[in-house]
Amino acid sequence: MSTFEPVLTSNITKENSHTLDFYQSIGGYSAIKKVLSMSPLEVIDVVKASNLRGRGGAGFPTGLKWSFVPKDSEKPIYLINNADESEPGTFKDRLLMNKAPHQMLEGMIIASYAIGCHTSFIYIRGEFYREYMLLEKVVAEAYENNLLGDNILGSDYSLDVVIHRGAGAYICGEETGLIESLEGKRGWPRIKPPFPAIEGYLQCPTVVNNVETLSCLPHIITRGADWFQSIGPEKGPGPRLFCVSGRVKNPGVFEEPMGIDLKDLIFEKAGGITNDNKLKAVFPGGSSSAILTAAEAIDVKMDFEELAKKKTMLGSAGVIVMDETVDMVHACLNIARFYAHESCGQCTPCREGTTWLVKMLTRMVKGRGTLKDINMLFEITDNIGGLIDFSKGSYGKTICPFGEAVAWPIRSFVEKFKDEFIKYLPQEKVAA
Amino acid sequence: MSNKDIHEDSFQYTDSDKVEKIFSQYPDKRSATLPLLHLAQTQGGYITSAIINTVAKLTEIHPAEVMDCVSFYTMFYSRQQGTYKLQVCQTLSCSLNGADDIVDHITQKYGTQPGETTSDGKFTLLKVECLGSCGTAPVIQINDDYHEGLSIKELDILLDSIP
Ligand SMILES: Cc1cc2nc3c(=O)[nH]c(=O)nc-3n(C[C@H](O)[C@H](O)[C@H](O)COP(=O)(O)O)c2cc1C
Ligand code: SF4
Ligand code: FES
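So, here's what we can say about the structure. Quantities reported herein were computed from a predicted structural model and do not represent experimental measurements.

All right, on to the overall build of chain B then. For chain B, the count of helices and strands is eight helices and four strands. Ordered by position in the sequence, the α and β elements of chain B form the string α-α-α-α-α-β-α-α-β-β-β-α. Judged by the C-alpha coordinates and their principal axes, chain B covers about 50 × 35 × 25 Å. Pairs at least 24 residues apart make up 62% of the contacts formed inside chain B by residues separated by at least 6 positions. Taken as a whole, chain B presents about 7700 Å² of accessible surface, with 49% of it coming from carbon and sulfur. One finds the centroid of the 12 positive side-chain charges in chain B at a distance of 3 Å from the centroid of its 22 negative side-chain charges.

Below, the discussion takes up the sheet that holds strand β2 (residues 119-124) of chain A. Residue and element names in this part refer to chain A. Pairing within the open sheet is parallel, and its four strands lie in the order β3-β2-β1-β4. Two strands close off the open sheet at either side, each with one partner strand: β3 (160-165) and β4 (206-210). The sheet shows a mean angle of 20° between the axes of neighbouring strands, direction not considered. Here strand β1 (residues 78-83) pairs with β4 via five bridges, running parallel. Note that in β4 the partner of Asn 81 across the bridge is Asn 209.

Residues and elements named next belong to chain B. Where strand β3 (residues 139-142) and strand β4 (residues 145-148) come together, four bridges link them in antiparallel fashion. When the bridges of β4 are listed, Ile 142 appears paired with Asp 145. The loop that links β3 with its antiparallel partner β4 comprises two residues; one of these, Asn 143, has a positive phi angle of about 50°.

For the rest of this paragraph, the subject is the environment of Glu85(A). Relative to the assigned elements, Glu85(A) resides in the loop between β1 and α5 (93-99). Residues Glu85(A) and Met133(A) lie 48 residues apart in sequence; the distance between their C-alpha atoms is 17 Å. Once you skip the residues sitting within four places of it in the chain, Glu85(A) turns out to touch Thr90(A), Phe91(A), Lys92(A), Asp93(A), Arg94(A), Arg125(A), Phe128(A) and Gly132(B). Among the polar contacts made by the side chain of Glu85(A), one reaches the main-chain amide nitrogen of Asp93(A) at a distance of 2.9 Å.

Among the nonpolar cores identified, the biggest contains 82 residues, and Met322(A), Phe413(A), Phe421(A), Leu37(B) and Tyr73(B) are the most heavily contacted of them. If you tally residues by element for this core, the top one is helix α14 (residues 328-342) of chain A, at nine residues. In this structure Phe421(A) touches Met328(A), Val329(A), Cys332(A), Leu361(A), Met364(A), Ile374(A), Leu377(A), Phe413(A) and Val414(A), once residues within four positions along its chain are discounted. With 66 residues, the next largest nonpolar core counts Leu52(A), Leu79(A), Leu105(A) and Leu147(A) among its residues.

What follows deals with the side chain of Thr354(A). In this structure, Thr354(A) sits in helix α15 (residues 348-365). In contact with Thr354(A), other than residues within four places in its own chain, are Tyr339(A), Ala340(A), Ser343(A), Pro349(A), Ile384(A), Phe402(A) and Val406(A).

This paragraph deals with unusual backbone geometry. Residues and elements named next belong to chain A. A cis geometry characterises the amide bond from Lys 192 onward to Pro 193, with omega recorded as -10°. In this fold, Pro 193 is placed in the loop between α8 (175-182) and β4. Cis geometry is found at the peptide bond from Pro 193 to Pro 194, where omega equals 0°. Of note, Pro 194 is situated in the loop between α8 and β4. Not every positive phi belongs to a glycine, and Asn 51 is a case in point at roughly 65°. Secondary-structure assignment places Asn 51 in the loop between α3 (40-50) and α4 (62-67).

Thresholds, definitions, all that
Residues numbered from 1 in each chain as written. Chains lettered and ligands numbered in written order. Predicted model: local features only at pLDDT ≥ 70, side-chain atom pairs only at ≥ 80, totals over all residues. Heavy atoms only, no water. Helix = DSSP H or I, 4+ residues; strand = E, 2+ residues; numbered from the N terminus. Contact = heavy atoms within 4.5 Å. Areas by Shrake-Rupley, 256 points an atom, 1.4 Å probe, with all protein chains shown as cover. Lys, Arg positive; Asp, Glu negative; His and termini not counted. Charge placed at Lys NZ, Arg CZ, Asp CG, Glu CD. Pairing = 2+ DSSP bridges. Axes fitted to C-alpha atoms, helices over the stretch in contact; angles between N-to-C directions. Polar contact = N/O pair within 3.5 Å; in protein donor to acceptor, adjacent residues only side chain to side chain. Core = buried A, V, L, I, M, F, W, Y, C linked by side-chain atoms within 4.5 Å. Buried < 20%, exposed > 50% of the residue type's maximum accessible area, 1.4 Å probe, protein only.

That is the geometry; function is a separate question.
Here you go:
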């Protein structure tokens, strides 16, 4: 592990790392030269062989997703770079955009070439205004140097890149909500299938990939699939940007191989717990993942399979640390309130359920809860996100996975820290 | 929306080149809705019904469909906001690092509850959800700029320096 050298963030501390000059001085844009001499199918095969899995949250194999795009499509094909970064606990894409925007753009060109796309969008969350301004410059620089536009680097391949700003809605990070939003509508997710690869933006084949996923591509092309595959676990390899926040001494983004021990991330990389307090609980993969207790957290690797075994997920790799000072009922209410605010409102279990969760948890912190309420919290989460039995999968009661994204964390709070919820009950109600 | 807006029936973009550029970037007209609303709001401060009608005409959709967007996205405002929008992140990582105290402090300092604007129209206090910068909590966005990891003292210095 000590031999790991950062890949995506190796140059971010250098001055002007965001400029084209700098990027080219470290060999940037040599990957697209290579790609333009390959066939699109060959590019897809390399990415498939690398086993790269999406960094946005779902962890879907990137090469496989690309291969779903119809080869003989008569409609235009679109690539959308998902720069909505709104999962609580996640702040890595912003870093990549600020410090290595050309790496991301080169990744977009590679992905677009592979799927046959000639117009590609960057959907950036509206709050990232400074990053949007920077990207406008970066894209303009690329056009001036024939890295975008007609006949890129003298080839017969052409690509336009358009930057599109969101306007404040978590759900627009979900790929079909994002597509609706790009079409000029409110971000209401669509029922799948059809999947975006078949019918996405304007009913045309569309691939949505995350900023970090795309940023891996130049390196995979330059150094080869075997190199990428050799980093970390076989089923989900590569470098990964882990975000650590909450009650730690040294929060930040740490690039490490997939499969690193969660305890090393917290106690070594992030410097341990604030004031040397005791660790209490951790979100391993953004606020949509089920929380782990301290005992579970110190004994798990940050790997898709391992976290699934612990009934949670790697998600966006946003690690939120809670220590002994954190009141779990308040923390649970904070998360519930987030989801109630961000529910897009089109599915009844999600819209009503999240509102109820907030009402009941608010009642509880005010000391007016009942024992029945605690059971009701389980009932509501089951109603939104299905019974959480991984062997049976989710029941899919809602249009998009937001339902599960609420149900898992809330349920995990109540299940794993039930005693703290009980402490909030008025004494006579505990006895009753 | 206040009554005043309903009677205000004309809006014109001052930068027609920008409008043209926006349309040139999309394969269809409706996709220009969000960028057109952003541009109009930059010009007018908030979204009036005149803006909605103008955007609807340009994108060839029903004004109700534009209104649908305005009400869905938190960054579009249907009312005049203060000159400076103090947007305090209240989500977990910020909340665990003092965001609640920041909200309380601003509330006391200016006598404004979240959602309210000071009587001189200078500041609007807003509680917002995760700003994607949890590693530098607490985070407060003032208009377009992020201010990260500020103590209350540092925040005071910053706020007092705003003319
Ligand atoms: C509620 C919800 C929010 C999401 N938010 C984001 C986000 O902010 N950024 C992101 O890249 N993916 C997000 N995703 C995942 C996307 O739907 C999609 O899987 C991803 O962008 C695909 O890119 P990847 O394959 O490169 O990971 C979200 C998913 C859900 C269900
Ligand atoms: S699950 Fe929630 S967020 Fe997803 S579509 Fe349904 S109401 Fe909207
Ligand atoms: S929780 Fe405040 S920026 Fe993420």
